Amino acid sequence: MRIGAHVRDDDPLTAAAERGAEVVQFFLSDPQGWKAPKPHPQAEQLRASELDVFIHAPYVINVASLNNRIRIPSRKAVGQQAKAAAEVGARGLIVHGGHVTKDDEPAEGVANWRKLFERQAADGGFDVPVLIENTAGGANAMARKFDALARLWDAVGEFGAGFCLDTCHAHAAGEELLNIVDRVKAITGRIDLVHLNDSRDEFDSSRDRHANIGAGTIDPDLLVAVCASAGAPVVVETPDEGQADDIAFLRGKVQ
């Protein structure tokens, strides 16, 4: 099992070395903006390194949205981010499942996700796998509750969509972590990446606030069990000052 962290985007190689990370995840552009990524200064070194690299898409992307001013630039941004991710040798691009508003029909959001994959398939597919991540809150979210995730996967699974399991998000969404890997795989057939995060908030809080392992409300043994059973690379998205300890703790428990 390979374990690492979400790190600063300007110098991921140094950040990985500082943390003892075998996996790195970072942004290629402003996470709150729409601008296309610029070439990364360490692209060649990242491709040549032994690190497993993952790219997180900006938070503003919402493929499910029925608002043209959000959905259309979101589709464009996913393609741009996937192309840029390939240039740094990434194994996948993580994209949040997104949501529709309270007055919208969730099935339309699912249909928008399918359209994204259909259109890209017609152009030869994405440059790297798109990994849809479960989210913490929102009544009309595409990937918060697992019954909604199942409806989404019925629409996109045939296109080779990947899945990123976030433990804090699942906990905040009211999904028990006990045996969660089996429940996810029963829906998606796969877990491509685990975001292994403790939570500052209680179960079913709908609040997405990460904590270092053992500093939050999730039993560390449950987090270890998710790592051990997922069979996927692990990234901690916890506060920077504790990431090296989080990685060392997990490595000591599962290897």
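For the structure itself, consult the block above.
Summarised in this report is the structure supplied together with it. Quantities reported herein were computed from a predicted structural model and do not represent experimental measurements.

1. Some points on the overall build of the chain
Looking only at helices and strands, one finds nine helices and ten strands in the chain. Expressed as lengths along the three principal axes of its C-alpha atoms, the size of the chain is roughly 45 × 40 × 30 Å. Scored against the burial criterion, the 255 residues of the chain give a buried share of 53%. Sequence separation of 24 or more characterises 74% of the internal contacts of the chain that already satisfy a separation of 6 or more. For the chain, the computed accessible surface area is about 11,100 Å², with 47% contributed by carbon and sulfur atoms. Across the chain, the mean location of the 27 positive side-chain charges is 6 Å away from that of the 38 negative side-chain charges.

2. A look at helix α4 (residues 106–122)
Counted at 1.5 Å a residue, the expected span for α4 with its 17 residues is 24 Å, and the 25 Å between its end C-alpha atoms agrees. Along α4, the positions that sit buried rather than exposed are G109, V110, N112, W113, L116 and F117. Take α4 and look down its axis: the buried residues cluster within an arc of 155 degrees, on one side only. Opposite the buried face of α4, by more than 90 degrees, sit the exposed residues R119 and A122. In this structure, the buried side of α4 is in contact with α3 (68–87), β4 (92–96), β5 (130–133) and α5 (146–156).

3. A word on the packing of α3 against α4
Packing of α3 against α4 leaves a shortest axis separation of 11 Å and a crossing angle of 40 degrees. Considering their axes alone, α3 and α4 lie oblique with respect to each other. Relative to α4, α3 is oriented so that their crossing is right-handed. Contacts between α3 and α4 involve R71, R75 and V78 from the first element and N112, K115, L116 and R119 from the second. In the contact of α3 with α4, the residues fall into two nonpolar, one polar and four charged.

4. Some thoughts on the nonpolar core
V53, I55, W113, V156, I180, L196 and L250 are the most contacted members of the largest nonpolar core, which totals 67 residues. Of all the elements, α5 adds the most residues to this core, at six residues. Not counting the four nearest positions on each side in its chain, L196 is found in contact with T167, I213, L223, V226, C227, V234, V235, V236, E237, T238 and L250. In terms of nonpolar packing, the next biggest core, distinct from the first, is built from seven residues, I94, L131, C164 and V235 among them.

Cut-offs applied
Residues numbered from 1 in each chain as written. Predicted model: local features only at pLDDT ≥ 70, side-chain atom pairs only at ≥ 80, totals over all residues. Heavy atoms only, no water. Helix = DSSP H or I, 4+ residues; strand = E, 2+ residues; numbered from the N terminus. Buried < 20%, exposed > 50% of the residue type's maximum accessible area, 1.4 Å probe, protein only. Contact = heavy atoms within 4.5 Å. Areas by Shrake-Rupley, 256 points an atom, 1.4 Å probe, with all protein chains shown as cover. Lys, Arg positive; Asp, Glu negative; His and termini not counted. Charge placed at Lys NZ, Arg CZ, Asp CG, Glu CD. Expected span 1.5 Å × (residues − 1). Arc of directions from axis to C-beta. Axes fitted to C-alpha atoms, helices over the stretch in contact; angles between N-to-C directions. Parallel < 35°, antiparallel > 145°, perpendicular 65-115°, else oblique. Left-handed = near helix turned anticlockwise from the far one by under 90°. Nonpolar A, V, L, I, M, F, W, Y, C, P; charged D, E, K, R; others polar. Core = buried A, V, L, I, M, F, W, Y, C linked by side-chain atoms within 4.5 Å.

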